[in-house]
Amino acid sequence: MCGGCISEGRVFETENGDIFVKVNKEANAEVMFEGELEGLKTIQKTKTVRVPAPLKVINLKPYGTVLVMEYIDMKGLSKYPEQLGEQLAKMHLFNSNLESSDNSVHKSDEEKLVHVDKFGFHTTTCCGYIAQVNTWKDDWVEFYAQQKLDHQINMITSNYGDRELTELWSELVLKIPSFFEDLKIKPALLHGDLWSGNVAETSEGPVIFDPAVFYGHSEFELAIADMFGGFPRSFYNAYHNVLPKEHNFEKRKDLYKLFHCLNHWNHFGGGYRSSSLSIIKRLLKTT
């Protein structure tokens, strides 16, 4: 058995090959796994970066819920960070490229993706065990402020009653649009939780897993990629060769890191309070 912070995992041999089964006994496990299943399916359809092929979610009441997927013999990312950067950028561009292509040719409805012109996702997905608010929005700034940051801050306020956070947020929310001036943002398919622990490789190339998928700003992906150990410089160079940085990229990356610090505060407690407040204070000083 193996596992992460949220679920346990087991590998089983079957007559059709090995499978990997994630097990979780929490009340929201079925929602969490159904979202992960849909996220993996959507990434898989882009044929840009490999994910474990998702198979099925099964509710085994009262023993919990399981997500069944392809088992891949993986090891830590070492040989293919550059390939991962290039493939990730292509995944982020996939939806925009659909706008100018005929994706229906020689593909069944099950195989194809259609162009998405809003931000969100067609079902609930979870970042960790916390459900994301994926209701479709036309405007990214509104989506990010309300459905990503404000959602997290409301949970913290409910659990901790942190007055300083509330006061700082009331200032920052007014400033958020200024980080996106003269920027045209197109919805990109995102893994949503792409830190180094959710990436590996086989002998053939990189693999990503444990997604928190939604359609958002491509830059959001690179915030957590830069946290918790990060990725080699070659990963970023390869990514930006395909998808170049835009003006004020570094400032927005700080804004996107704020979501992950708040999300970790909600998952693991006040140890992330200081980093969350520090980011807000730094953003408020940004001109």
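Check the entry above for the structure.
Residues numbered from 1 in each chain as written. Predicted model: local features only at pLDDT ≥ 70, side-chain atom pairs only at ≥ 80, totals over all residues. Heavy atoms only, no water.

## Some details on the side chain of S276
Looking at the secondary structure, you find S276 in helix 8 (residues 273-285). Classification of S276 by relative accessible area gives buried; the value is 0%. Those residues in contact with S276 that lie beyond four places of it in its chain are L258, C261, L262 and W265. (Helix = DSSP H or I, 4+ residues; strand = E, 2+ residues; numbered from the N terminus. Buried < 20%, exposed > 50% of the residue type's maximum accessible area, 1.4 Å probe, protein only. Contact = heavy atoms within 4.5 Å.)

## Some details on the layout of surface pockets
What the second largest pocket holds in volume is close to 260 Å³. Along its surface, the second largest pocket is lined by 18 residues, and K186, H217, S218, L243 and E246 are the ones closest to its centre. Residue assignment for the lining of the second largest pocket shows that the elements contributing at least two residues are helix 2 (81-98) and helix 6 (233-242). Element by element, the count of residues in the lining of the second largest pocket is highest for helix 2, at three residues. In terms of residue class, the lining of the second largest pocket is built from eight nonpolar, five polar and five charged. (1 Å grid on protein atoms, 1.4 Å probe; cavity = no way out; pocket = protein on both sides within 12 Å on 5 of 7 lines; lining within 4 Å. Points joined across faces, edges and corners; volume = space filled by probe spheres on them. Nonpolar A, V, L, I, M, F, W, Y, C, P; charged D, E, K, R; others polar.)

## Overview of the nonpolar core
Ranked by size, the top nonpolar core spans 70 residues in total, and within it W140, L149, I176, F180 and L255 carry the most contacts. Apart from the residues within four sequence positions on either side, L149 is in contact with Y144, W169, I176, L255, L258, F259 and L262. Formed by five residues, the second largest nonpolar core is a distinct cluster that contains I19, V21, V66 and V68. (Core = buried A, V, L, I, M, F, W, Y, C linked by side-chain atoms within 4.5 Å.)

## Quick word on unusual backbone geometry
Note on backbone geometry: most residues besides glycine have negative phi, and most peptide bonds are trans. With an omega of 0 degrees, the peptide bond running from K61 to P62 counts as cis. As for its placement among the helices and strands, P62 is situated in the loop between strand 4 (54-59) and strand 5 (65-70). The phi angle at N248 is positive, at roughly 70 degrees, despite the residue not being glycine.

## So, empty space enclosed by the protein
For the coordinates displayed, the defined rule picks out one cavity of 30 Å³ or more. Empty space within the largest cavity amounts to approximately 40 Å³. Residue lining of the largest cavity: C127, I130, A131, Q132, Q147, K148, H151, Q152, F259 and N263, and that is the complete set. Of all the secondary-structure elements, those providing two or more residues to the lining of the largest cavity are strand 7 (130-131), helix 3 (140-160) and helix 7 (249-268). Here the element with the most residues in the lining of the largest cavity is helix 3; it accounts for four residues. Looking at the lining of the largest cavity, its residues break down into four nonpolar, five polar and one charged.

## Overview of the environment of V49
Relative to the assigned elements, V49 resides in the loop between helix 1 (29-46) and strand 4. Take V49: its relative accessible area is 5%, and that puts it in the buried class. In this structure, the C-alpha to C-alpha distance between V49 and W136, residues 87 residues apart in sequence, is 25 Å. What V49 contacts, discounting residues up to four positions off in sequence, is I43, L84, Q87, M91 and I208.

## Examining the pairing of strand 2 (residues 8-12)
As paired elements, strand 2 and strand 3 (residues 19-24) share five bridges and run antiparallel to each other. Residue pairing across strands places R10 opposite V21, the latter belonging to strand 3. The loop that links strand 2 with its antiparallel partner strand 3 comprises six residues; one of these, G17, has a positive phi angle of about 115 degrees. (Pairing = 2+ DSSP bridges.)

## A closer look at the packing of aromatic side chains
Taken as a whole, this structure holds 19 aromatic pairs when the rule is applied. Ring pairs connect the aromatic residues F119, W140, F143, Y144, F180, F214, F220, Y256 and F259, which therefore count as one cluster. The positively charged end of K148 is found above the aromatic ring belonging to F259, 4.2 Å away from the centroid. (Phe/Tyr/Trp six-rings, centres within 6.5 Å; stacked < 30°, edge-to-face > 60°. Lys NZ or Arg CZ within 6 Å of the ring centre and 35° of its normal.)

## Looking at the packing of helix 3 against helix 7
In contact at an axis separation of 10 Å, helix 3 and helix 7 are set at 30 degrees when each is read in the N-to-C sense. Classified by the angle between their axes, helix 3 and helix 7 sit roughly parallel to one another. Once helix 3 is placed against helix 7, the crossing between them reads as left-handed. Taking contact as the criterion, the partners of W140, Y144, K148, L149, Q152, I153, M155, I156, N159 and Y160 in helix 3 are, on helix 7, L255, Y256, L258, F259, L262, N263, W265 and N266. Class assignment for the residues of the contact of helix 3 with helix 7 results in 13 nonpolar, four polar and one charged. (Axes fitted to C-alpha atoms, helices over the stretch in contact; angles between N-to-C directions. Parallel < 35°, antiparallel > 145°, perpendicular 65-115°, else oblique. Left-handed = near helix turned anticlockwise from the far one by under 90°.)

## Considering helix 7
Helical geometry: 3.6 residues make up each α-helical turn, so side chains three or four residues apart lie on a common side. With 20 residues, helix 7 should cover 28 Å at 1.5 Å per step; its first-to-last C-alpha distance of 28 Å lies within 8% of that length. Here helix 7 lies mainly inside the structure; 17 of its 20 residues are buried. Downstream of helix 7 by a residue or two, G269 has a phi angle that is positive, lying close to 100 degrees. (Expected span 1.5 Å × (residues − 1).)

## Some thoughts on the environment of D162
Within the secondary structure layout, D162 lies in the loop between helix 3 and helix 4 (163-175). The exposure class of D162 is buried, given its relative accessible area of 9%. Once the C-alpha coordinates of D162 and R273 are considered, the two residues, 111 residues apart in sequence, prove to be 9.5 Å apart. Contacts of D162, omitting those with residues within four sequence positions, involve T157, W265 and R273.

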